Amino acid sequence: MQRYDDEQNKAGVKVLFMIVQMAVLSVVYIIVYTSFLAVGYAIEKYNVSPVMYFPVVVALVIFPILLYKYRQMFNAGKMLVATTWMMATASLTIVLLYVYIAQITG
């Protein structure tokens, strides 16, 4: 008779969380890339300053750091909180980048 071992489940959930993090990072980086293109378009068409790249670069740098913190939180046992924060910051990053691009091109 095989004994139930919760460690296998924990290891599987950690791998699943990492895969979801990679997918979320990919989606956010697609939006960041699009934002870079839109800022470049705004620089060309509206003669805005290249400093307008700054918020996009901040999103590019900060988001992976946050994902690392959420992975640490997840591994510490706060699985639901880490997942919620990860999805919330991804959504917020996407929305804020969209609003920023709408402001500088509109």
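First, a word on what this report is: a plain description of the structure on this page. Please read these numbers as outputs of a predicted model, since none were measured by experiment.

Conventions and cut-offs
- Residues numbered from 1 in each chain as written.
- Predicted model: local features only at pLDDT ≥ 70, side-chain atom pairs only at ≥ 80, totals over all residues.
- Heavy atoms only, no water.
- Patch = residues over 30% accessible without salt bridge, like charges linked within 9 Å, V, L, I, M, F, W, Y side chains within 5 Å.
- Areas by Shrake-Rupley, 256 points an atom, 1.4 Å probe, with all protein chains shown as cover.
- Salt bridge = Lys/Arg side-chain N within 4 Å of Asp/Glu carboxyl O.
- Helix = DSSP H or I, 4+ residues; strand = E, 2+ residues; numbered from the N terminus.
- Buried < 20%, exposed > 50% of the residue type's maximum accessible area, 1.4 Å probe, protein only.
- Phe/Tyr/Trp six-rings, centres within 6.5 Å; stacked < 30°, edge-to-face > 60°.
- Axes fitted to C-alpha atoms, helices over the stretch in contact; angles between N-to-C directions.
- Parallel < 35°, antiparallel > 145°, perpendicular 65-115°, else oblique.
- Nonpolar A, V, L, I, M, F, W, Y, C, P; charged D, E, K, R; others polar.
- Expected span 1.5 Å × (residues − 1).
- Polar contact = N/O pair within 3.5 Å; in protein donor to acceptor, adjacent residues only side chain to side chain.
- Contact = heavy atoms within 4.5 Å.

**A look at a nonpolar patch on the surface**
Part 1 of the reasoning: Together, V51, F54, V57, V58, V61, I62 and I65 line one region of the surface with nonpolar side chains, adding up to about 590 Å² of accessible area.
Part 2 of the reasoning: Of note, V61 is situated in helix 2 (residues 54-75).
Part 3 of the reasoning: Residue V61 is classed as partly exposed on the basis of its relative accessible area, which comes to 44%.

**So, the packing of aromatic side chains**
Part 1 of the reasoning: One pass over the full model with this rule turns up 3 aromatic pairs.
Part 2 of the reasoning: Pairing F17 with F74 gives two aromatic rings, centres 4.0 Å apart and planes at 5°, and the pair type is stacked. Of this pair, F17 sits in helix 1 (residues 6-46) while F74 sits in helix 2, and the two are 57 residues apart along the sequence. As far as the burial class goes, F17 and F74 line up, both buried.
Part 3 of the reasoning: Seen in terms of ring centroids, Y41 and Y46 are 6.5 Å apart; in terms of plane orientation they differ by 85°. Their pairing is edge-to-face.

**Side note on the packing of helix 1 against helix 2**
Part 1 of the reasoning: Interhelical geometry of helix 1 versus helix 2 gives an angle of 170° and a closest axis separation of 10 Å. In terms of orientation, helix 1 lies roughly antiparallel with respect to helix 2.
Part 2 of the reasoning: Residue classes in the contact of helix 1 with helix 2 are distributed as 19 nonpolar, 3 polar and 2 charged.

**Topic: helix 2**
Part 1 of the reasoning: With 22 residues, helix 2 ought to run about 32 Å at 1.5 Å a step, and its terminal C-alpha atoms sit 32 Å apart, in line with that.
Part 2 of the reasoning: Buried residues of helix 2: V56, A59, F63, L67, Y70 and F74, and no others.
Part 3 of the reasoning: Just downstream of helix 2, G77 is the residue with a positive phi angle, here 105°.

**As for the side chain of T93**
Part 1 of the reasoning: Within the element layout of this structure, T93 appears in helix 3 (residues 79-105).
Part 2 of the reasoning: Polar contacts involving the side chain of T93 include one to the main-chain carbonyl oxygen of T89, which spans 2.6 Å.
Part 3 of the reasoning: Residue contacts for T93: discarding those within four places in its chain leaves V28, A59 and F63.

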